[in-house]
Amino acid sequence: MTVRKNQATLTSDEKKRFVNALLTLKRNGKYDAFVTTHNAFIMSDGDDTDRVGHRSPSFLPWHRRFLIEFEQALQSVDSTVALPYWDWTADRTATSSLWAADFLGGTGRSRDGQVMDGPFASSGGQWAINVRVDGRNYLRRALGAGVPQLPTKAEVDSVLAMTTYDEAPWNSQSTGGFRNHLEGWRGVNLHNRVHVWVGGQMGTGVSPNDPVFWMHHAFVDKLWAQWQERHPASPYLPAAGTANVVDLRETMRPWNNVTPADMLDHKKFYTFDAA
Amino acid sequence: MSRLTRRSALGLTATAVAGLGLAGTAYAATASGPANGVVPAAGDGHTGHTGGMDHTGHATPAPFDEVYQGRRIEGAPAQGGAHGGHHGGYQVRIDGKELHVMRNGDGTWISVINHYETFANPRAVARAAVVELQGATLVPLA
């Protein structure tokens, strides 16, 4: 059974195995296919059109399925690997061990944002940015430049306290639901803010080019599980009959064989090292 | 900033040349609002009532064409007018290359370059993309 651990607790061997699996998927082209898929959805998910992966109730189940598929790809390389999660309420500075040269490498240099150390630095020749929206083929970051502070534990708690999963109009304008506050279009802004804090590709439509994408979303996914635990009587919404969004038992593109209902219980697929 | 790009921009329209005077002053601004030190020009999307209304009741931002930090940014309603799609019926270009933009339901804007933060209008989202690009050229998705 897959156990997802806090990245701060990984042993050096676990870090090495995770990084090696990422580099292997990059080499064989599977990694970039995930980037392409994510960008296709983020470009087409609009507030007044069909929306599946973003700004919609299925933001959470869609990314859960997306991460499971990616984790399975990693495990096809090394069966001991699980997606680590990055608790950005705790590891909230550019000097965190997450950004050390033996893991993800650090922030980019000021001239062009290029990450200069670690296994994903362009100079290592193993992490070309192929699925891109501009001419730059190197990994970029600007930690803390786009927004100075990552979300705090208190801000996370305030969102976890919300009792309704989502509400009309089921997009980036929904004001009272857990999903849109977690996604970050309203309220204290959790998920979106972390993308902006990391900067570089993480702020763009091709954000999965930065491996921290997976660890960020693994934590967002964990927050969903914590919210479910705290509000056992609050269902996924909408239940049925809602235009442009994925109801509880409707299938999600691009898989077309999985529904939000299928994704509600993460324990069928993996567990977390801590509640 | 690309010297070549700046030089090639010099021959552009009167609007673009006027914009050059602003180009150096706003470096490192977030371009997400008036705090970037640039006085909004006439026709800025904040007040874009000249472009007509779309079906959701948001004013279609007026066209713009200026040079910002040495890059030519242009925006205009898309050919055929507001078609109601999530692009907002609006097209933005940086040095002639399309910047994919999207209008949110509340009338704010994002782009493929700044996809997780919102901006008041297409001009602001174009300026933010210029800052983020650091001289790089937009390319169609590989």
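Quick rundown of the overall build of chain B? Include the residues and the values.
Broken down by element type, chain B carries three helices and six strands. What you see in chain B, going N to C, is helices and strands ordered as α-α-β-β-β-β-β-β-α. Each of the 142 residues in chain B was classed as buried or not, and the buried ones make up 46%. Of the contacts formed within chain B by residues at least 6 apart in sequence, a portion of 46% connects residues at least 24 apart. For chain B, the accessible area works out to roughly 6,300 Å², and carbon and sulfur atoms hold 57% of it.

Describe the interface of chain B and chain A, naming the residues involved and giving the relevant values.
Of the residues lining the interface, 29 residues belong to chain B; the matching set on chain A comes to 38 residues. Roughly 2,400 Å² is buried in total at the junction of chain B and chain A, and carbon and sulfur atoms are behind 54% of that figure. Our enumeration of links across chain B and chain A arrives at two salt bridges. Taken together, the links from chain B to chain A amount to 15 residue pairs in polar contact (both at pLDDT 80 or more).

Describe the side chain of Ser174(A), with residues and values.
All names here are of chain A. Take serine 174: it is sitting in the loop between α4 (153–160) and α5 (178–183). Under the relative-accessibility criterion, serine 174 is labelled buried at 0%. In terms of polar contacts, serine 174 uses its side chain to reach the backbone amide nitrogen of tryptophan 170, at 3.0 Å. Those residues in contact with serine 174, other than ones at most four positions away along the chain, are Asp166, Glu167, Ala168, Pro169, Arg179, Asn180 and Arg186.

Which residues make up the pairing of strand β1 (residues 64–68) of chain B, and what are the values?
Residues and elements named next belong to chain B. The element β1 is largely enclosed, with a buried count of five among its five residues. Of the two faces of β1, both are covered, the one formed by Phe64, Glu66 and Tyr68 as well as the one formed by Asp65 and Val67. Bridging between β1 and strand β2 (residues 71–77) involves five bridges; their strand directions are antiparallel. Opposite aspartate 65, over in β2, you have glutamate 74 as the bridge partner. Between β1 and the antiparallel strand that follows it, β2, lie two residues; glutamine 69 among them carries a positive phi value of about 50 degrees.

The rules behind each value
- Residues numbered from 1 in each chain as written.
- Chains lettered and ligands numbered in written order.
- Predicted model: local features only at pLDDT ≥ 70, side-chain atom pairs only at ≥ 80, totals over all residues.
- Heavy atoms only, no water.
- Helix = DSSP H or I, 4+ residues; strand = E, 2+ residues; numbered from the N terminus.
- Buried < 20%, exposed > 50% of the residue type's maximum accessible area, 1.4 Å probe, protein only.
- Contact = heavy atoms within 4.5 Å.
- Areas by Shrake-Rupley, 256 points an atom, 1.4 Å probe, with all protein chains shown as cover.
- Buried area = accessible area lost by both parts, 1.4 Å probe.
- Salt bridge = Lys/Arg side-chain N within 4 Å of Asp/Glu carboxyl O.
- Polar contact = N/O pair within 3.5 Å; in protein donor to acceptor, adjacent residues only side chain to side chain.
- Pairing = 2+ DSSP bridges.

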